[in-house]
Amino acid sequence: MSKADDEMACQQLVELVTDYFDGCLALPERLRFEAHLAACTGCRAYLEQKRQTLGVLAKISERTISPEARERLLSVYRAWMVQQN
Ligand SMILES: [Zn+2]
């Protein structure tokens, strides 16, 4: 009839993503989080995207990128965008 109370919704997962990355989730929540991930392709893709975004931001803030390196990154990015179309 009704869904189990401990079944996590996608919306809940999205709200907990930051805490998950920070390691702030209590074990029961973390287990629910990971159980949902195992069953939900959409949330796995979302998590991966989020992880990459946060990883990139962390690297950028670690050190200042030289204009040359920045230009090189942008050209790689533009080439990648062209390949997507
Ligand atoms: Zn989901």
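Here's what I pulled together on the structure shown here. (Residues numbered from 1 in each chain as written. Predicted model: local features only at pLDDT ≥ 70, side-chain atom pairs only at ≥ 80, totals over all residues. Heavy atoms only, no water.)

**Here's the deal with the overall build of the protein**
- A tally of helices and strands in the protein yields four helices and zero strands.
- Along the protein, helices and strands appear, N-terminal first, in the series α-α-α-α.
- Out of the 85 residues belonging to the protein, those deemed buried represent 13%.
- The contacts of the protein with a sequence gap of at least 6 include a subset with a gap of at least 24, amounting to 49%.
- Here the protein displays about 7000 Å² of accessible surface, and carbon together with sulfur accounts for 57% of that area. (Helix = DSSP H or I, 4+ residues; strand = E, 2+ residues; numbered from the N terminus. Buried < 20%, exposed > 50% of the residue type's maximum accessible area, 1.4 Å probe, protein only. Contact = heavy atoms within 4.5 Å. Areas by Shrake-Rupley, 256 points an atom, 1.4 Å probe, with all protein chains shown as cover.)

**Some points on helix α1 (residues 10–22)**
- If you check α1, its first and last C-alpha atoms are 19 Å apart, about what 13 residues at 1.5 Å a residue would give, namely 18 Å.
- Its axis deflected by about 45° at Leu-16, α1 carries its strongest bend there.
- Taken together, the buried positions of α1 are occupied by Leu-13, Leu-16 and Val-17.
- Residue Gly-23 follows α1 closely and has a positive phi angle near 75°. (Expected span 1.5 Å × (residues − 1). Bend = angle between axes of the 7 residues up to and from the residue.)

**Some points on the coordination of the zinc ion**
- For the zinc ion, the full set of protein donor atoms is Cys-10 (SG), His-36 (NE2), Cys-40 (SG) and Cys-43 (SG), and the range of their distances to it is 2.0 to 2.3 Å.
- Seen from the zinc ion, its four donor atoms lie at angles of 104 to 113°, and the figure they make is tetrahedral.
- Mapped onto the sequence, the donors of the zinc ion take the spacing C-x25-H-x3-C-x2-C. Within this pair, whereas Cys-10 is found in helix α1, its partner Cys-40 is found in the loop between α2 (27–39) and α3 (41–62), the two being separated by 30 residues in sequence.
- Taking relative accessible area as the criterion, Cys-40 reaches 16% and is therefore assigned buried. (Donors = N, O, S within 2.8 Å, 3.2 Å for Na, K, Ca; no water. Tetrahedral: all angles 85-135°; square planar, octahedral: opposite > 155°, others 65-115°.)

**As for the packing of aromatic side chains**
- What the rule picks out here adds up to three aromatic pairs.
- A centroid spacing of 4.1 Å and a plane angle of 15° characterise the contact between Tyr-20 and Phe-33, whose relative ring orientation is stacked. Taken together, the positions of Tyr-20 in helix α1 and Phe-33 in helix α2 put the pair 13 residues apart, joining distant regions of the chain.
- Exposure remark for Phe-33: the relative accessible area of 0% places this residue in the buried category. (Phe/Tyr/Trp six-rings, centres within 6.5 Å; stacked < 30°, edge-to-face > 60°.)

**Digging into α2**
- With 13 residues, α2 extends 18 Å between its outermost C-alpha atoms, agreeing within 8% with the 18 Å of an ideal straight helix rising 1.5 Å per residue.
- If you check which residues of α2 are buried, you get Phe-33, His-36 and Leu-37. One side of α2 holds all its buried residues, which, seen down the axis, span an arc of 105°. Residues of α2 that are exposed and angled more than 90 degrees away from the buried face: Leu-27, Pro-28, Leu-31, Ala-38 and Ala-39. (Arc of directions from axis to C-beta.)

In short, shape yes, function no, at least from these values alone.
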